Amino acid sequence: MIYLKQMIDDFTTTNVPNNYADWDENKSYIVEETPSNDSTCVYENYVYRAVSENQGKIPTENLGTHWIKYGTANSRAMINLRSQDSTIVEGGDIVVTFKKRLINGIVIGNFSGNSLTVENLDDGGNIVDTPVEYTQSPNEDVFDYYSYIYSEYSVSSENAKFFRLNDIGTQIRVTITSNSATGVAKCGFLVGGEITDMGSTINNVAFNFNSYSTKSIDEFGTLSIKKRGVQELVDFETVVKNTEMRQRKSQLKAIYDEILAFVVDEDEGSIYDNLIAFGTIENSAIIINEFDKQVISWSIMESI
């Protein structure tokens, strides 16, 4: 199992539109019932609405008095720390570039589209390494098509892919081509980080689910369900050598209460979509024994 901590905090270029304009310190914002660019703006990955007339008031520093957080900006939804927010482009592809830094692994999840391409670039935007690619099968397209039509009744596509990158270049470009059936390109989360190995995964990975829906029965016995988010809970174990135990213990302690991408199946050609979990450690334990290898148990709670 490996994990990656998000190192993408912004894009150097993006073709993804936002519903509202970026915050302008020279603009006078008003209060209005229906949000528009006169009352609403994008600032540091989020959308804010004015609750009082203001000019030059930074949204993050004036929450409650002049602004309220209204949601995640469409162009940045894929890099925030929630798996069920999505960046969506209708009638086109998603194409973003960002600084490479120490990034040698990319995780793309909850996506819809015909193909994924990840490329290492130099400062001039030239490709400096062989691109890594993934193309969805026709069956996956059919699934996405019906998910799109019946989006009110079905969950979004939950596929996820992991890519290793060579240590070359200064930028990374990610392209998600639009789905041929719907014309939509979507990405739920894009995580780029430095790969950290936490041992080999043992068989019998358990996927559990935690529903936040509410259920009620009236006096006539009629069942009513108010649908809300469904959270994944992933349980598994990894095995490490005795000589690595002290290092692994320190690493485990350091990542508690962090939201990370956990790649349970490290094989880049995984037929199980790498068994990727995007969330935080609910609990973990190191099981000590007298053998030359030790076991670490993991329980990962999805960040929704």
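This text goes with the structure placed above it.
The rules behind these values
- Residues numbered from 1 in each chain as written.
- Predicted model: local features only at pLDDT ≥ 70, side-chain atom pairs only at ≥ 80, totals over all residues.
- Heavy atoms only, no water.
- Buried < 20%, exposed > 50% of the residue type's maximum accessible area, 1.4 Å probe, protein only.
- Helix = DSSP H or I, 4+ residues; strand = E, 2+ residues; numbered from the N terminus.
- Pairing = 2+ DSSP bridges.
- Axes fitted to C-alpha atoms, helices over the stretch in contact; angles between N-to-C directions.
- Contact = heavy atoms within 4.5 Å.

S.K.: Residues and numbers for the pairing of strand S13 (residues 160-164), please.
M.R.: Along any regular strand the residues' side chains alternate between the sheet's two faces. Within S13, 4 of the 5 residues are buried, which leaves the element mostly enclosed by the surrounding structure. Of the pairings in the sheet, the one linking strand S10 (residues 105-109) to S13 comprises 5 bridges and is antiparallel in character. Note on S13: the bridge partner recorded for Ile108 is Lys161.

S.K.: Account for the sheet that holds strand S5 (residues 46-50), naming residues and giving values.
M.R.: What the 3 strands build is an open sheet, ordered S4-S5-S7; its pairing is antiparallel. At either margin of the open sheet sits one strand with a lone partner, and together these are strand S4 (40-43) and strand S7 (67-72). Adjacent strand axes in the sheet meet at a mean angle of 35 degrees when their direction is disregarded. Here S4 runs beside S5; their pairing, made up of 4 bridges, is antiparallel. Looking at S5, one finds that Cys41 is bridged to Tyr48.

S.K.: Would you mind going over the side chain of Gln294 in detail, with residue names and values included?
M.R.: The residue Gln294 is located in strand S25 (residues 293-302) in this model. Take Gln294: its relative accessible area is 4%, and that puts it in the buried class. Other than its neighbours up to four places away in sequence, Gln294 contacts Thr238, Val239, Val240, Asn242, Met245, Ile287, Ile288 and Asn289.

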